[in-house]
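Residue strings, one per chain:
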Amino acid sequence: MSRPFNFSAGPATLPFEVLEQAAAEMLDWRGSGVSVMEMSHRSREFVSICEEAEQDLRDLLAVPASFKILFMQGGALAQNAVVPMNLIGRSRSQTADFVLSGSWSVKSHAEASRYGNAHIAASSVGERPSRLADPYQWRLSQEASYVHICSNETIDGVEFQQLPDLLALGCDAPLVIDCSSHIASRAVDWSRVGVAYAGAQKNIGPAGLTLVFVREDLLDHALPICPSVFNYRTVADHGSMYNTPPTYAIYIAGLVFRWLKHQTESQSSGIAAIEARNIAKASLLYDYIDASGFYRNDVDKTCRSRMNVPFFMADSSLDDQFLKEAHRAGLQQLKGHKSVGGLRASLYNAMPLTGVKALIEHMRDFEARHG
Ligand SMILES: Cc1ncc(COP(=O)(O)O)c(C=O)c1O
């Protein structure tokens, strides 16, 4: 069966094998007689699905035992409120530091300011080429409850290639990362992280599931106004089943984790093998764009995202034609985010190298006719 290549930023393409397996198991999950959607979340079957998904994720990303993995709801935007409600009370001044690097970190800062003092430690928003502020120039607060970054800006195509080492910057606050659009695409240095959160609908599975990794010492600081379903301690103590979790989304995420593990089975390097593949895919596209003269990417080379590649043509009136012809060639969802325009290719784990090659072929052909 031939399917188009889907470059959507999210909800995004899923591995074909995962969709196939989900289809095969839709009506009767492994002899249980019911679909996963119809199972009680407290049933032996579903608890096994959930535990296996969590363990596979832990193995894949080498998540230390000192972190709880929570399956929550509300998306990454809910976490923009949930994080301050859980963490901002850690310091007497109720201050959190924010590093602004694009649209999503700007949103995180705005939401947090409803719960405490949201201080801008650095901003590179609006700079061209897009870049990240040097951590040694960040103006960190004396007693911050936490420091927030968006480790991959999906719209702007800006990615931290290394997480900042706050201790080396003289700051002992926990680092909070919104890693929605590059989770499971690369290794994570957990020694630098306090909380990581991600909506699942890009690299993990269906919308509706939000992954939260919380270092255990950060579970007990919630403000009294924090709803119980969003209190990290409550969710952790109930194994993510304080209320009904997004069961089907967890099941699909579990299949994706299995698929990722399977991809790396022959290599001992696990996530490093996935990361190497992502580097290869992104490099191919960036190298082509840089060499073309017809297309351009406006992000400094030191922080270009491997997952989301925004690109532009000098004559933006050609965008619609590019998109129409791409669609006819089986290349879908390449329109740039409305706030920045242009074009964007998202190259999540499930996008094969052949998809990137097909895109470059289309770009080359389009340039030959319009360049
Ligand atoms: C980096 C980042 N943060 C936050 C969001 C918002 O996520 P959600 O729609 O899951 O709330 C997105 C979504 O597209 C994103 O890419």
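Keep in mind that this is a model prediction, so the values were computed, not measured. (Residues numbered from 1 in each chain as written. Predicted model: local features only at pLDDT ≥ 70, side-chain atom pairs only at ≥ 80, totals over all residues.)

1. A word on the overall build of the protein
When helices and strands are counted, the protein shows nine helices and 14 strands. Based on the C-alpha atoms only, the size of the protein along its principal axes is roughly 60 × 60 × 35 Å. Looking at the 371 residues of the protein, the share that counts as buried comes to 44%. Taking the contacts inside the protein whose residues are at least 6 apart along the sequence as the reference set, 69% of them involve residues at least 24 apart. (Helix = DSSP H or I, 4+ residues; strand = E, 2+ residues; numbered from the N terminus. Buried ≥ 20, exposed ≤ 12 C-beta atoms within 10 Å, placed from the backbone. Contact = placed C-beta atoms within 7 Å.)

2. Topic: the nonpolar core
Within the largest apolar cluster, 102 residues are counted, with the highest numbers of intra-cluster contacts made by Val 147, Val 195, Ala 196, Leu 211, Ile 250, Ala 253 and Val 256. Among the elements that line this core, the one with the most residues is helix 6 (residues 247–263), at nine residues. Of the domains in this structure, domain 1 (17–263) and domain 2 (268–370) are the two that each give at least three residues to this core. (Core = buried A, V, L, I, M, F, W, Y, C linked by C-beta atoms within 7 Å. Domains from an automatic or database assignment.)

3. Concerning the domain arrangement of the protein
Annotation of the protein at the domain level lists domain 1 (17–263) and domain 2 (268–370). Relative placement of domain 1 and domain 2: their C-alpha centres are 26 Å apart. Listed per partner, the contact involves 26 residues of domain 1 and 22 residues of domain 2. For the side of domain 1 that touches domain 2, the secondary-structure elements that each account for two or more residues are helix 2 (44–61), strand 7 (158–159) and helix 6. In the side of domain 1 that touches domain 2, the residues fall into 10 nonpolar, 11 polar and five charged. (Nonpolar A, V, L, I, M, F, W, Y, C, P; charged D, E, K, R; others polar.)

4. Here's the deal with the packing of helix 3 (residues 75–87) against helix 4 (residues 103–112)
Between helix 3 and helix 4, the shortest axis-to-axis distance is 9 Å and the interhelical angle comes to 50 degrees. As judged from the angle between their axes, helix 3 and helix 4 are oblique. Regarding helix 3 and helix 4, the two cross each other, and that crossing is right-handed. Judged by residue contacts, Asn 80, Ala 81 and Pro 84 of helix 3 engage Lys 107, Ser 108, Glu 111 and Ala 112 from helix 4. Here the residues of the contact of helix 3 with helix 4 sort into three nonpolar, two polar and two charged. (Axes fitted to C-alpha atoms, helices over the stretch in contact; angles between N-to-C directions. Parallel < 35°, antiparallel > 145°, perpendicular 65-115°, else oblique. Left-handed = near helix turned anticlockwise from the far one by under 90°.)

5. Section: the sheet that holds strand 5 (residues 147–150)
Ordered in space as 2-10-9-8-5-3-4, the seven strands form an open sheet in which the pairing is mixed. A strand with exactly one partner marks an edge of an open sheet, and here the two such strands are strand 2 (67–72) and strand 4 (117–123). Across the sheet, the axes of successive neighbouring strands diverge by a mean angle of 20 degrees, strand direction being ignored. Pairing of strand 3 (residues 95–100) with strand 5 involves two bridges; the strand directions are parallel. The partner of Asp 97 across the bridge, within strand 5, is Val 147. Its contacts with the sheet place helix 4 against strand 3, strand 4, strand 5 and strand 8 (175–178), and it is angled at close to 160 degrees to strand 3. (Pairing = 2+ DSSP bridges.)

6. Notes on the site of the ligand
With respect to spatial proximity, the complete set of residues near the ligand consists of Gly 10, Gly 75, Ala 76, Leu 77, Trp 104, Cys 150, Thr 154, Asp 178, Ser 180, Ser 181 and Gly 199. Broken down by element, the residue count for the shell around the ligand peaks at three residues, all from helix 3. Residues that form the shell around the ligand fall into these classes: four nonpolar, six polar and one charged. (Near = placed C-beta within 6 Å.)

7. A look at helix 4
By the burial criterion, the buried members of helix 4 are Trp 104, Ser 105, Ser 108, His 109 and Ala 112. Buried residues of helix 4, viewed axially, fall in a sector of 140 degrees; they line one side. (Arc of directions from axis to C-beta.)

8. Some points on unusual backbone geometry
At the junction of Gly 10 and Pro 11, the peptide bond is cis and its omega measures out at -10 degrees in the coordinates. When you line up the elements, Pro 11 lands in the loop between strand 1 (5–6) and helix 1 (16–24). The residue after Arg 128, namely Pro 129, is reached through a cis peptide bond having omega -5 degrees. With phi around 45 degrees, Arg 30 is a residue other than glycine that occupies positive phi space. On the secondary structure map, Arg 30 appears in the loop between helix 1 and helix 2.

9. Section: the packing of helix 2 against helix 6
Helix 6 packs onto helix 2 with a crossing angle of 40 degrees between their chain directions and a minimal axis gap of 9 Å. Considering the angle they form, helix 2 stands oblique to helix 6. Relative to helix 6, helix 2 is oriented so that their crossing is left-handed. The residues of helix 6 that touch helix 2, namely those facing Phe 46, Ile 49, Cys 50, Glu 52, Ala 53, Asp 56, Leu 57, Asp 59 and Leu 60, are Thr 247, Ile 250, Tyr 251, Ala 253, Gly 254, Phe 257, Arg 258, Leu 260 and Lys 261. Classifying every residue of the contact of helix 2 with helix 6 by side-chain character gives 11 nonpolar, two polar and five charged.

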